[in-house]
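Examination of the molecular architecture
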Amino acid sequence: MNWDDTTDATAPERLVGSVADREDQAVEAALRPKDLDEFIGQEKVREQLDLVLRAARARGATADHVLLSGAPGLGKTTLSMIIAAEMGAPIRITSGPAIQHAGDLAAILSSLQEGEVLFLDEIHRMSRPAEEMLYMAMEDFRVDVIVGKGPGATAIPLELPPFTLVGATTRAGLLPPPLRDRFGFTAHMEFYEPAELERVIHRSANLLDVEIDTAGAAEIAGRSRGTPRIANRLLRRVRDYAQVKADGFITRDIAAAALKVYEVDARGLDRLDRGVLEALLKLFGGGPVGLSTLAVAVGEERETVEEVAEPFLVREGLLARTPRGRVATPAAWVHLGLTPPRSAATGNGQGDLFGT
């Protein structure tokens, strides 16, 4: 229920992928919470944002510009819509990659209504000329439109109505300091705890008219990688299995059986994740091994292994990136039910230099 509309055409379609496909976007539109009270998780962010919005309403002013950072699927788009709803303002949605020229941004800004919320997804991917125009728009509610070329060019100032910019990014470190400093409120979205995901699943199941018990919700939550978008995607696939193979009621056993069919294991690893670990363990003894070599062994592109599989494996403590290459941790051997060699058991993956 708390998700983003971020899509990535280069990412492979995965049941446990955090980017939204067309089906996700259609379902999420119906499941999104409408206000902060409905929004599950991100307690600190919700509390701080509530204060910002209530104070702005009390002053009769537009809310400060808001920057939301964090992994895809954690609720950045949802929070932007809630900000607009809480302020009683319309919302305009666009993305950084869609703004390639300063003129594109000027056209959007000049058409905003007073108090309107402009949601700019993947703000770090905006072009530099547009970014520099945004500085003045955020601070002074003004942009300079350049008319003409060369020495005869003239800058015409264009006053803008007060508005609230909500920027979202998955890579906050790529934002230049001048842009980052112009946001009045900055929040980082954390991954969800299993208990929070259980609440998300129960709410979504109710809205989707799906019957599920507490154990069934816990089973799905434990495999959802701390991401509500993934939790809801798994819920829909388990629902399909329960309708075909059972009586439509989701229990722990039904959820586990369904996710076994979809190759999502107890820790949320899918075929790609396990393929990387199995190659690292069985072919290279746990590493260290170079990324390119590991990608060839798995039969995937280097970028796919590095950007799609590795982040979750590292976060789960199953794989480590070292200067010498990728190394499996003892937890990886345990998860796949394999016995680690002596060097892997020490956790350094460098072998016994003197054979002792």
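With that settled, consider the overall build of the protein chain. In terms of helices and strands, the protein chain carries 15 helices and eleven strands. In the protein chain, which comprises 356 residues, the proportion classed as buried is 47%. Put simply, 70% of the contacts in the protein chain that link residues at least 6 apart link residues at least 24 apart.

Ordered by their spatial adjacency, five strands build an open sheet running β2-β3-β6-β1-β7, and the pairing between neighbours is parallel. Strands at the two margins of the open sheet, each flanked by one partner only, are β2 (91-95) and β7 (185-188). Shown here is a sheet whose adjacent strand axes are inclined to one another by a mean of 15°, direction ignored. Pairing analysis gives four bridges linking strand β1 (residues 66-69) to β7, with the strands arranged parallel. Within β7, the position partnered with Leu67 by the bridge is Thr186.

Here the focus is the pairing of strand β11 (residues 325-328). In this structure, strand β10 (residues 319-322) lies alongside β11, joined through four bridges in antiparallel fashion. Pairing of Thr322 across the sheet is with Gly325, part of β11.

What follows covers the side chain of Thr329. Here Thr329 lies in the loop between β11 and α14 (330-335). Apart from residues no more than four positions distant in its own chain, Thr329 is found in contact with Gly317, Leu318, Leu319 and Ala320.

The subject of this paragraph is the packing of helix α4 (residues 102-110) against helix α5 (residues 128-140). Where α4 contacts α5, the axes come no closer than 8 Å and their chain directions differ by 35°. Only Pro129, Ala130, Met133, Leu134 and Ala137 of α5 make contact with α4, whose side of the interface consists of Ala102, Leu105, Ala106 and Leu109. Its residues assigned to classes, the contact of α4 with α5 comprises nine nonpolar, no polar and no charged.

A contiguous nonpolar surface patch, about 200 Å² in accessible area, is contributed by Val145, Ile156 and Leu158. Within the element layout of this structure, Leu158 appears in strand β5 (residues 154-159).

Another point: the packing of helix α7 (residues 194-207) against helix α8 (residues 214-221). Close contact between α7 and α8 brings their axes to 8 Å; oriented N to C, the two are set at 120°. It follows from the interaxial angle that α7 and α8 lie oblique. For the pair α7 and α8, the crossing hand works out as right-handed. In this structure, α7 uses Pro194, Leu197, Glu198, Ile201 and His202 to contact α8, whose residues at the interface are Thr214, Ala217, Ala218, Ile220 and Ala221.

What follows deals with α8. Of all the positions in α8, only Gly216, Ala217, Glu219, Ile220 and Ala221 are classed as buried. Buried residues along α8 sit in contact with α7, β8 (211-212), α9 (228-245), β9 (249-250) and α10 (252-261). With a side-chain oxygen lying 3.3 Å from the backbone nitrogen of Ala215, the N-terminal cap of α8 falls on Asp213.

Attention shifts here to the packing of aromatic side chains. A complete count under the given rule lists one aromatic pair for this structure. The ring of Phe191 carries Arg315 above its face, with NZ or CZ at 3.6 Å from the centroid.

This paragraph deals with the pattern of salt bridges. For the structure shown, the criterion picks out 17 salt bridges. Put simply, Arg54 and Asp50 hold a salt bridge, and the shortest N to O gap is 3.5 Å. On the criterion of helical spacing, the pair formed by Arg54 and Asp50 is a turn pair, its members being four residues apart in helix α2 (residues 43-59). Here Asp50 falls in the partly exposed class, since its relative accessible area comes to 25%. Between Glu310 and Arg321 there is a salt bridge, with the nearest N and O atoms lying 2.8 Å from each other. Residue Glu310 is located in helix α13 (residues 302-315), and its partner Arg321 is located in strand β10; the two are separated by eleven residues in the primary sequence. You can call Arg321 partly exposed: its relative accessible area is 44%. Through salt bridges with shared partners, one network takes in Glu219, Arg223 and Arg252.

Now for the confidence of the model for the protein chain. Across the protein chain, the average pLDDT comes to 83, with 87% of residues at or above 70. Predicted confidence for residues 1-12 stays below pLDDT 50, and this span has 63 contacts to residues more than four positions away or in other chains. In this model residues 347-356 is a low-confidence stretch, pLDDT under 50, and it forms eleven contacts with partners more than four residues away in sequence or in other chains.

This brings us to the nonpolar core. Leu49, Leu79, Ile201, Ile212, Ile220, Leu235 and Ile250 are the most contacted members of the largest nonpolar core, which totals 49 residues. With seven residues, the single largest contributor to this core is α9. Other than its neighbours up to four places away in sequence, Leu235 contacts Ile201, Ser204, Ala205, Leu208, Val210, Ile212, Ile220 and Ile250. Counting 24 residues, the second-largest nonpolar core is a separate cluster that includes Leu112, Met126, Phe163 and Leu175.

Cut-offs and rules
- Residues numbered from 1 in each chain as written.
- Predicted model: local features only at pLDDT ≥ 70, side-chain atom pairs only at ≥ 80, totals over all residues.
- Heavy atoms only, no water.
- Helix = DSSP H or I, 4+ residues; strand = E, 2+ residues; numbered from the N terminus.
- Buried < 20%, exposed > 50% of the residue type's maximum accessible area, 1.4 Å probe, protein only.
- Contact = heavy atoms within 4.5 Å.
- Pairing = 2+ DSSP bridges.
- Axes fitted to C-alpha atoms, helices over the stretch in contact; angles between N-to-C directions.
- Nonpolar A, V, L, I, M, F, W, Y, C, P; charged D, E, K, R; others polar.
- Patch = residues over 30% accessible without salt bridge, like charges linked within 9 Å, V, L, I, M, F, W, Y side chains within 5 Å.
- Areas by Shrake-Rupley, 256 points an atom, 1.4 Å probe, with all protein chains shown as cover.
- Salt bridge = Lys/Arg side-chain N within 4 Å of Asp/Glu carboxyl O.
- Parallel < 35°, antiparallel > 145°, perpendicular 65-115°, else oblique.
- Left-handed = near helix turned anticlockwise from the far one by under 90°.
- Polar contact = N/O pair within 3.5 Å; in protein donor to acceptor, adjacent residues only side chain to side chain.
- Phe/Tyr/Trp six-rings, centres within 6.5 Å; stacked < 30°, edge-to-face > 60°.
- Lys NZ or Arg CZ within 6 Å of the ring centre and 35° of its normal.
- pLDDT = per-residue confidence, 0-100.
- Core = buried A, V, L, I, M, F, W, Y, C linked by side-chain atoms within 4.5 Å.

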